[in-house]
Amino acid sequence: ITSCPSKRHSAKDRRVALLWSQMSALSSGEAGDHSNETGPMPLPLPPQFLTPAEHRGETVILASYPRSGNSLLRGLLEKCTGVVTGSDTLPQRTLSQALQRAGARGEGVIDGRAWVVKSHYPERRGHARLPCDRAILLVRNVWDVVDSYFNMTLTNSRGAARSRRLREMRLLRRAARARSRTP
């Protein structure tokens, strides 16, 4: 941003520049004073949707398999940039509603209000086709994904991995294995 002073910069550009300056302050060991060349770091504001003037027609897809950490990364991106991330999932789905209750305001948003949009394509199609200019590919260890996805499918929730139903299923599997071993 500083290399091209004649250009007008959007609020998103300013937020990204602030993020980079904060990250370089952290990496250079200047994190203790919480300051940069423009003064003290501001308190974080809740993420906002992009205005039409801020949207430059670029869409970045956050592509991942379900349970790979995309909600965690979306939250980090929102906190760092101050811009709400979107999702190509229908907002009426049970898990989308759970994400909305947890603070993900961009569920179902694929238009210019969101710069980064989560997608699980090709594992599942979103509610509309979404062209993209750039992509972030999020990868997690496949064994962790399978275990987490199994728990989510079994409980139909994002965080109830230790639910009563799951414990019952594990007991049933153990009993079935024990029966198969007896003569």
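Described below are features of the structure shown in this document. (Residues numbered from 1 in each chain as written. Predicted model: local features only at pLDDT ≥ 70, side-chain atom pairs only at ≥ 80, totals over all residues. Heavy atoms only, no water.)

The end-to-end C-alpha distance of helix α2 (residues 70-81), which contains 12 residues, comes to 16 Å, matching closely the 16 Å that a straight helix rising 1.5 Å per residue would cover. Buried within α2 are the following residues: Asn70, Arg74, Glu78 and Thr81. Angular distribution of buried residues about the axis of α2 spans 90°; they occupy a single face of the element. Turned more than 90 degrees away from the buried face of α2 sit Leu72 and Lys79, all of them exposed. After α2 finishes, the residue Gly82 shows a positive phi value of roughly 80°. (Helix = DSSP H or I, 4+ residues; strand = E, 2+ residues; numbered from the N terminus. Expected span 1.5 Å × (residues − 1). Buried < 20%, exposed > 50% of the residue type's maximum accessible area, 1.4 Å probe, protein only. Arc of directions from axis to C-beta.)

Once that is clear, we can look at the nonpolar core. The tendency in soluble globular proteins is for nonpolar side chains to be buried as a group. Grouped together as the largest cluster of nonpolar side chains are seven residues: Leu50, Val60, Leu62, Val83, Trp115, Val116 and Leu138. Counting residues in hydrophobic clusters, the runner-up holds six residues, among them Ile61, Ala63, Ala114 and Val117. (Core = buried A, V, L, I, M, F, W, Y, C linked by side-chain atoms within 4.5 Å.)

The subject of this paragraph is the sheet that holds strand β4 (residues 86-87). Within the open sheet, the four strands sit side by side as β4-β5-β3-β6. Their pairing is parallel. One side of each edge strand has no neighbouring strand; the edge strands of this open sheet are β4 and β6 (134-138). In this sheet, strand β5 (residues 116-119) lies alongside strand β3 (residues 60-64) in parallel orientation, the contact comprising four bridges. Note on β5: the bridge partner recorded for Ala63 is Ser119. The strands touched by α2 are β3, β4, β5 and β6; relative to β3, the strand with the most contacts, the crossing angle is about 150°. (Pairing = 2+ DSSP bridges. Contact = heavy atoms within 4.5 Å. Axes fitted to C-alpha atoms, helices over the stretch in contact; angles between N-to-C directions.)

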